[in-house]
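Chain by chain, the residues run as shown.
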Amino acid sequence: MIDFVKGALIIGGALFMLLASLGLLRLPDLLTRMHATTKAAALGVILIMLAAAMHFAEAGVVARSFAIIVFILMTAPVAAHVIGRAGYFVGSKLWSGTVKDELRPNYDPLTHELKSGLETQENAKRQPRDTDPD
Amino acid sequence: MTGAIWNLLLGLAWVLLSGDFTGLNLLVGMIFGYITLVLIEPQLDSLKGYPARVPRFLGFLVFFMKELIQANLRVAFDIITPPWHMKPGVIAMPLSARTEMEITMVANLISLTPGTLSLDVSDDRKVLYIHAMFLDDEEELRRNLKEMEHRALELFR
Amino acid sequence: MDTVIQISQIIMSVALLLTFVRVVRGPSLPDRVVALELFSTTVVGLVGVYAIKSDVASFLDAAIVIALMGFLAAIAFARFLERGGPRDD
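Scoring rules and cut-offs
Along each chain, residue indices are assigned from 1 in the same order as the chain's sequence is written. Both sets of labels track the order of writing: A upward for chains, 1 upward for ligands. Reporting of local features is limited, given that this is a predicted model, to residues whose pLDDT is at least 70; pairs of side-chain atoms are given and counted only at 80 or more, and all residues count toward the totals for whole chains, interfaces and linings. Think of it this way: any DSSP run of H or I at least four residues long counts as a helix, any run of E at least two long counts as a strand, and we number them from the N terminus. We compute the radius of gyration over the C-alpha atoms and compare it with the globule rule, which gives 2.2 Å times the number of residues raised to the power 0.38. Partly exposed residues are those whose C-beta has more than 12 but fewer than 20 other C-beta atoms within 10 Å; 20 or more makes a residue buried and 12 or fewer makes it exposed, with C-beta atoms placed from the backbone. Each residue gets a C-beta atom placed from its backbone, and two residues are in contact if those atoms lie within 7 Å. The term nonpolar core means buried Ala, Val, Leu, Ile, Met, Phe, Trp, Tyr and Cys residues held together as one set by C-beta atoms within 7 Å. Per-residue confidence from the predictor is reported as pLDDT, a score between 0 and 100. Charged means Asp, Glu, Lys or Arg here, nonpolar means Ala, Val, Leu, Ile, Met, Phe, Trp, Tyr, Cys or Pro, and polar covers whatever is left, Gly included. When DSSP finds at least two bridges between two strands, those strands are taken to pair.

Colleague: Can you tell me about the overall build of chain B, naming the residues and giving the values?
Modeller: What chain B contains, in helices and strands, is five helices and three strands. Secondary structure elements of chain B, listed N to C terminal, follow the sequence α-α-α-β-α-β-β-α. Relative to a compact globule of 157 residues, whose C-alpha radius of gyration would be 15 Å, chain B shows 20 Å and is clearly more extended. Considering only C-alpha atoms, chain B reaches an extent of 60 × 40 × 20 Å along its principal axes. Residue burial in chain B is summarised as follows: out of 157 residues, 27% are buried. In chain B, of all internal contacts separated by at least 6 residues, the share reaching a separation of at least 24 is 57%.

Laid out in structure tokens, this is it:
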């Protein structure tokens, strides 16, 4: 029984990694590629580490494999965010099928300022004060 | 936080006293420690709110796992079949998280669910820019993201 | 059990190969960085499977170190991309 679960976890993890690399190869632009790689690969490592924890079944090894799982869960989104951000602002092109981009109009490439797009609404709501210049 | 530390200490005491050093026994000890903490909660101020937070945390874990697997399968299907079903795009999501810590947690959770990837936070920390892979139903996606943010914030506040 | 491990090792080797194709082809530098990160994650998985196969738990420590290096490399590359000078990919 344990052997069966272990084998299923190992094969599942390996398949998720294959899926991640297939996605990396097939998807059309940087940001969609990152969707495939970070999450599928992280899930693959998590499954394999669960299998390792079940195989050894000692307190020390289980603690270590859970440490790897927590580490992957914490670092994978940070790395994805950092690379995606850098790639986007460096100017990698988006896929032609991209339906909308709400970031581009709010970003100033000269000053690197990123507005929230809510300022105009707040200005409209703001009451005039006595100290305002005419 | 003190509640979690006390829970762990009670579990360790259980392991030491029973003399069986395995992970399963530690889990049993933690469960008994949790029951003890629930029982003495009304008498200690420092434990306020800890017993209620644990089931919420477990519920969040189940919700997150469900999202993770569901969305992963969707991305997998799109990668394997030749024509593209996806409609990628960048959307702006207004944040209700305020402190840096909360924003970090929410952004990480959004990045971990396949189909969404947090790109950047605006300079005034009000809007999170998210790259989404499936924008067929934008309203529903926004609702899902909001629900996840709401559940995550409930956990930390 | 041994056949299962062998099959998974073959699958992950194919994954490494496909990733390598992207490293070579990748039209721009960020694409290559993403591929290299996937590389390190796949190697962590391979090390985990090898630890199971050889019954030596110490290999998991090596897996931790590789995961750490992959993360730091990704951060460093991202800083380089944002601050770095002129380049031609």
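Colleague: Quick one: what's the story with the nonpolar core, residue by residue and with numbers?
Modeller: With 88 residues, the main nonpolar core has Ala20, Ile48 and Ile83 of chain A together with Ile130 of chain B as its most contacted residues. With 17 residues, helix H2 (residues 30-56) of chain A is the single largest residue contributor to this core.

Colleague: How would you summarise the confidence of the model for chain C if you had to cite specific residues and measurements?
Modeller: All names here are of chain C. Averaged over all residues, the pLDDT of chain C equals 86, while 93% of them reach at least 70. Across chain C, the secondary-structure element scoring lowest on mean pLDDT is helix H3 (residues 59-83), at 87, and the one scoring highest is helix H1 (residues 2-25), at 90. Among the scores for the predicted complex, ipTM is 0.86 and pTM is 0.80.

Colleague: Account for the interface of chain A and chain C, naming residues and giving values.
Modeller: Taken together, the contacts link 43 residues of chain A with 40 residues of chain C. Listed by contribution, the elements that provide at least two residues to the side of chain A that touches chain C are helix H1 (2-26), H2 and helix H3 (59-90) of chain A. Across the side of chain A that touches chain C, the residue classes break down as 30 nonpolar, ten polar and three charged.

Colleague: Explain the sheet that holds strand E3 (residues 127-132) of chain B residue by residue, including any values.
Modeller: Across the sheet, which stays open at both edges, the four strands sit in the order E1(A)-E1(B)-E3(B)-E2(B) with mixed pairing between neighbours. Where the open sheet ends on each side, the last strands, each with one partner, are strand E1 (100-101) of chain A together with strand E2 (116-121) of chain B. Judged from the two bridges that link them, E1 of chain A and strand E1 (residues 89-94) of chain B form a sheet pairing that is parallel. Bridging across to E1 of chain B, lysine 100 of chain A finds its partner in glycine 89 of chain B.

Colleague: Outline the arrangement of the chains, supporting the account with residue identities and numerical values.
Modeller: The interface with the most contacts, out of two pairs of chains in contact, is the one formed by chains A and C. For the non-touching pair chain B and chain C, the nearest C-alpha separation works out to 13 Å.

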